[in-house]
Structure formats: structure tokens, C-alpha cells
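A closer look at the structure
Listed here are the chains, written in short residue letters.
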Amino acid sequence: DTGVSQDPRHKITKRGQNVTFRCDPISEHNRLYWYRQTLGQGPEFLTYFQNEAQLEKSRLLSDRFSAERPKGSFSTLEIQRTEQGDSAMYLCASSPVSGPDYNEQFFGPGTRLTVL
Amino acid sequence: GQNIDQPTEMTATEGAIVQINCTYQTSGFNGLFWYQQHAGEAPTFLSYNVLDGLEEKGRFSSFLSRSKGYSYLLLKELQMKDSASYLCAVPFNYGGSQGNLIFGKGTKLSVKP
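Cut-offs applied
Sequence order as written defines the numbering, with residues in each chain counted from 1. Going through the entries in the order they are written, you letter the chains from A and number the ligands from 1. Since the coordinates come from a predicted model, pLDDT governs what is reported: local features require at least 70, and pairs of side-chain atoms require 80 or more to be given and counted, while whole-chain, interface and lining totals use all residues. The side-chain values count all of the structure's non-hydrogen atoms but skip hydrogen atoms and water molecules. Only runs of H or I of at least four residues qualify as helices and only runs of E of at least two qualify as strands under DSSP, and these elements are numbered from the N terminus. Summary of the burial criterion: residues with accessible area below 20% of their type's maximum are buried, those above 50% are exposed, and those between are partly exposed, where the area comes from a 1.4 Å probe applied to protein chains only. Here the accessible surface of atoms and residues is derived via Shrake-Rupley with a 1.4 Å probe, and residues count as covered only by protein chains that are part of the display. Contact definition: two residues touch when any of their heavy atoms are within 4.5 Å. Polar contacts, as counted here, are pairs of nitrogen or oxygen atoms within 3.5 Å of one another; within protein the pair requires one atom able to donate a hydrogen and one able to accept it, and residues that are adjacent in sequence qualify only if both atoms are side-chain atoms. Throughout, disulfides are identified as pairs of cysteine sulfur atoms within 2.5 Å of each other. A strand pair is defined by DSSP finding two or more bridges across the two strands. For helices, the axis comes from a line fit to the C-alpha atoms of the stretch in contact; other axes are also lines fit to C-alpha atoms, and the angle between any two N-to-C directions lies between 0 and 180 degrees. Note: buried area is the sum, over both parts, of the accessible area (probe 1.4 Å) each one loses when the two are combined. The working definition used for a salt bridge is a side-chain nitrogen of Lys or Arg within 4 Å of a carboxyl oxygen of Asp or Glu.

Let's shift gears to the overall build of chain A. The secondary structure content of chain A amounts to 0 helices and 11 strands. Starting at the N terminus and walking to the C terminus, you meet the elements of chain A as β-β-β-β-β-β-β-β-β-β-β. Reported as C-alpha extents along the three principal axes, the dimensions of chain A are approximately 45 × 25 × 20 Å. Residues classed as buried in chain A amount to 47% of the 116 residues present. Here chain A displays about 6000 Å² of accessible surface, and carbon together with sulfur accounts for 44% of that area.

Let's shift gears to the environment of B:Tyr86. Residue and element names in this part refer to chain B. With respect to the helices and strands, tyrosine 86 occurs in strand E9 (residues 84-94). A relative accessible area of 0% means that tyrosine 86 is categorised as buried. Apart from residues no more than four positions distant in its own chain, tyrosine 86 is found in contact with Gln6, Ile20, Trp34, Tyr35, Gln36, Leu46, Phe60, Leu73, Leu75, Gly106, Thr107 and Leu109. Within the structure, tyrosine 86 has its side chain in polar contact with the side chain of glutamine 36 (distance 3.0 Å). From its side chain, tyrosine 86 meets the backbone oxygen of aspartate 82 in a polar contact 2.6 Å long.

Within this structure, the stated rule accounts for 2 disulfides over all chains. Each disulfide pairs two cysteine sulfurs, and for A:Cys23 the partner residue is A:Cys92, the sulfurs being separated by 1.9 Å. Taking the sign of the S-S torsion, -70 degrees for the link of A:Cys23 and A:Cys92, the bridge is left-handed. With a gap of 69 residues between them, A:Cys23 in strand E3 (residues 19-24) and A:Cys92 in strand E9 (residues 88-95) connect regions that are remote in the sequence. With its sulfur 2.0 Å from that of its partner, B:Cys22 forms a disulfide with B:Cys88. Across the disulfide from B:Cys22 to B:Cys88, rotation about the S-S bond amounts to roughly -70 degrees, and the bridge is consequently left-handed. Taken as a pair, B:Cys22 in strand E3 (residues 18-25) and B:Cys88 in strand E9 lie far apart in primary sequence, 66 residues in all.

Residue and element names in this part refer to chain B. Here we have 5 strands laid out as an open sheet, ordered E1-E3-E8-E7-E6, and antiparallel in their pairing. The open sheet has two edge strands, strand E1 (3-5) and strand E6 (53-57), and neither has a second partner. The average angle at which neighbouring strand axes cross in this sheet is 15 degrees, direction not considered. Two strands pair when backbone bridges link them, and E3 and strand E8 (residues 70-75) are joined in this way by 6 bridges, in the antiparallel orientation. Within E8, the residue paired with threonine 23 across the bridge is tyrosine 70.

Right, let's get into the pairing of E6(B). Residues and elements named next belong to chain B. In this structure, E6 lies alongside strand E7 (residues 60-65), joined through 5 bridges in antiparallel fashion. By the bridge assignment, glycine 53 is partnered in E7 with leucine 64. Once E6 ends, the chain turns through 2 residues before running back antiparallel as E7, passing glycine 58 with a positive phi of about 65 degrees.

With 19 residues of chain A at the contact, the number on the chain B side is 17 residues. Of the roughly 1500 Å² buried between chain A and chain B on both sides combined, carbon and sulfur atoms contribute 54%. Three residues, A:Pro43, A:Asn103 and A:Phe107, lead the burial of chain A against chain B; their summed loss comes to 30% of the area buried on that side. Here chain A and chain B share 0 salt bridges between them. At the surface where chain A touches chain B, the tally comes to 3 residue pairs in polar contact (both at pLDDT 80 or more).

Structure below.
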């Protein structure tokens, strides 16, 4: 069990550029979540996948944001035309649908995005 | 809708006991989570309560009262490494099954010598 991994860990970009982040969940976990966290706040939900199906998207997820999980394994989160307000930590979490850990979401280390 | 409230900051002394409170309002209830988050790191799971009462796990205990919409996290024998943010969270209710977590803003605990 290698845990949830995210890549890159840090990203600095200029306003207006596109960025893409990757999340690799724990291998047997069907559910995958993306959250965004700014300084002094708790994580805010962005979107949720069960296998390859995107089941829910937050109102925070504007049309500049898109997420995919094409084969039900890793996921990508893309932000187009980045704005300074997009600067945040982007966290990915995964959870199983059954078993002793099914109530727990396991978080990755996050990708810290800075938009200049 | 869902709303979670917890104090912004707390300070305590090494070796002491501290209680971090959380009040919540949810439409449907699927349990309450506590996570610990050190600065610059990902949240890590501490506890999950779905029934009323106190659950103890080593130095950390978590209490839930569903009728009052209230939970607390109790940390005993505080250590310097316990300095972190503590996040209270409830799952969004998708027709009885759990979905994404709704987090409070977190309580930043500072442990002083």
C-alpha cells in the first residue's frame, strides 16, 4: 500500500496558462475526490468519481476546471486560463466502497499551485 | 444544507488536556470525522463517530451527541508534535450513502512548553 500520490507537488504558473494535476489513488479504491484548500480554511469539495463516473461537481468548479478518471484508476484535474484566485493546495483523496476502511478518505500530499 | 462550526485557534501546554469542540447542522447524518493536519501536509484520519458516546483511541478520544449536533475531540498528555490544525467533517448525504466530506475551517492548536 503506497498511499495516494499526487504529481506535481508544486506548480508555479503565470496567469492565463493551463495546468494539469494528476492523482493516483490507492489501487483498490473505487471512489476518488478532489478538494481545494486555501490558507486558514478547511478543504472544499470540488468533484467526486466512483470508478470512471463523475458523480458530483461542486458549484466551485467553474467551466475552467475539468476532471477526468478515464479508466477508473488515476485522475487528472485541469485548470484552464488560470487566475490568481486559483492559487491553493489541491488535494486528492480516495476511499473504498466496502471493507473496514470504507468510511475513511485517504488524502494525498497535495499539489500546491501558485498563479503569478 | 450543511454547516460546521469550530473554534479558529486554541493554545495549550505540553502534558495538559485540551478539548476541541465542533457543532454541525446536516440534512441527514452519516457520521462525523476528525482529521489532523500539520502545516503544509495532507489531512490524516483520527476518528469517525456514527453513534452517540465517547470513543477512545490512545491519547485521542472523540465524542458525539447526535441530538445536540455536537462533537468534541479530546487530546490528553499533549505533546509538542500535536501542534496542528484539527478538522471536523461530515459526509454529504447522497440518499443515505456517503459522498464527499464537508469540512469545518479547522482549529489551529498550538502546544507550548
